[in-house]
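A structural walkthrough
For reference, the chains in residue letters:
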Amino acid sequence: MDEVDRSILAVLEKHGRISNAELAARVGLSPSPCLRRVHRLEETGVIRGYRALIDPAALGRSLRVFAGVRLVRHTRADVAAFERAVTQLPEVVHTHHITGNYDYLLQVEVADLPAYEDFHANRLAGLPGVATVTSYVTMKTLSADPA
């Protein structure tokens, strides 16, 4: 990967629907070599896909909560059971296995605080192996959505 590839990736991260002609102009290539580079980046898995970023409020998910989850035990079976179960919850937008005070950090999106209370009590806390859940309610998001 060279600087031209990095430039292509930087533009695509911010403007995923850009035309190949516009992309080529921005990175200083003609369209054919630019398209070949994009295809190579896709084929090698550097570019994993393209998606639309949807406003969560438009889907009735105005409240974003980060939940730190600790497991009771860390056996392979307990971890696998938790991971299978948590990935089935549509309210959980992202799941990160982390180090530190928690085993997992979840990004949860729901309609409002009563909806989160219900989700926490009736779904999240009951997942296999969960010892504790610590919730952090987002008051404001200062950075743009991740690409």
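For every chain, the first residue of the written sequence is number 1, and numbering continues from 1 onward in sequence order. Side-chain atom pairs in this predicted model are given and counted only at pLDDT of 80 or more, local residue features only at pLDDT of at least 70, and totals for whole chains, interfaces and linings cover all residues. The side-chain values count all of the structure's non-hydrogen atoms but skip hydrogen atoms and water molecules.

In this section: the environment of Gly 126. Mapped onto the elements, Gly 126 comes out in the loop between helix H5 (113–124) and strand E4 (130–137). For Gly 126, a relative accessible area of 61% gives the class exposed. Along the backbone, Gly 126 and Ala 85 are 41 residues apart, and their C-alpha atoms lie at a distance of 9.9 Å. Secondary structure is summarised from DSSP: a helix means a run of H or I of at least four residues, a strand means a run of E of at least two, and numbering begins at the N terminus for each. Residue burial is assigned from relative accessible area. The probe radius is 1.4 Å, only protein chains are included, and a residue is buried under 20% of its type maximum, exposed over 50%, and partly exposed in between.

Turning our attention to the environment of Asp 78. Here Asp 78 lies in helix H4 (residues 76–86). Considering only alpha carbons, one finds Asp 78 and Gly 129, 51 residues apart in sequence, at a separation of 6.0 Å.

In an α-helix, one turn spans 3.6 residues; hence positions three or four apart end up facing the same way. Of the residues making up helix H2 (residues 20–27), those classed as buried are Leu 23, Ala 24 and Val 27. Down the axis, H2 shows its buried residues gathered within 100 degrees of arc, on one side only. Along its buried surface, H2 packs onto helix H1 (3–14) and helix H3 (31–43). At the exit of H2 stands Gly 28, carrying a positive phi of roughly 80 degrees. Note: the arc covers the axis-to-C-beta directions of the helix. Should any heavy atoms of two residues lie within 4.5 Å, those residues are considered in contact.

What follows concerns the pairing of strand E3 (residues 104–110). Among the 7 residues in E3, 6 count as buried, and that is most of the element. Two elements, strand E1 (residues 63–71) and E3, share 7 bridges in a ladder whose sense is antiparallel. Looking at E3, one finds that Leu 63 is bridged to Val 110. Two strands are counted as paired when DSSP detects at least two bridges linking them. Pairing of strand E2 (residues 92–97) with E3, which is carried by 5 bridges, proceeds in the antiparallel orientation.

Summarising the element assignment, Ala 125 is placed in the loop between H5 and E4. Residue class for Ala 125 comes out partly exposed when judged on its relative accessible area of 37%. Sequence separation of Ala 125 and Val 69 is 56 residues, and the distance between their C-alpha atoms is 9.0 Å. Those residues in contact with Ala 125, other than ones at most four positions away along the chain, are His 120 and Val 130.

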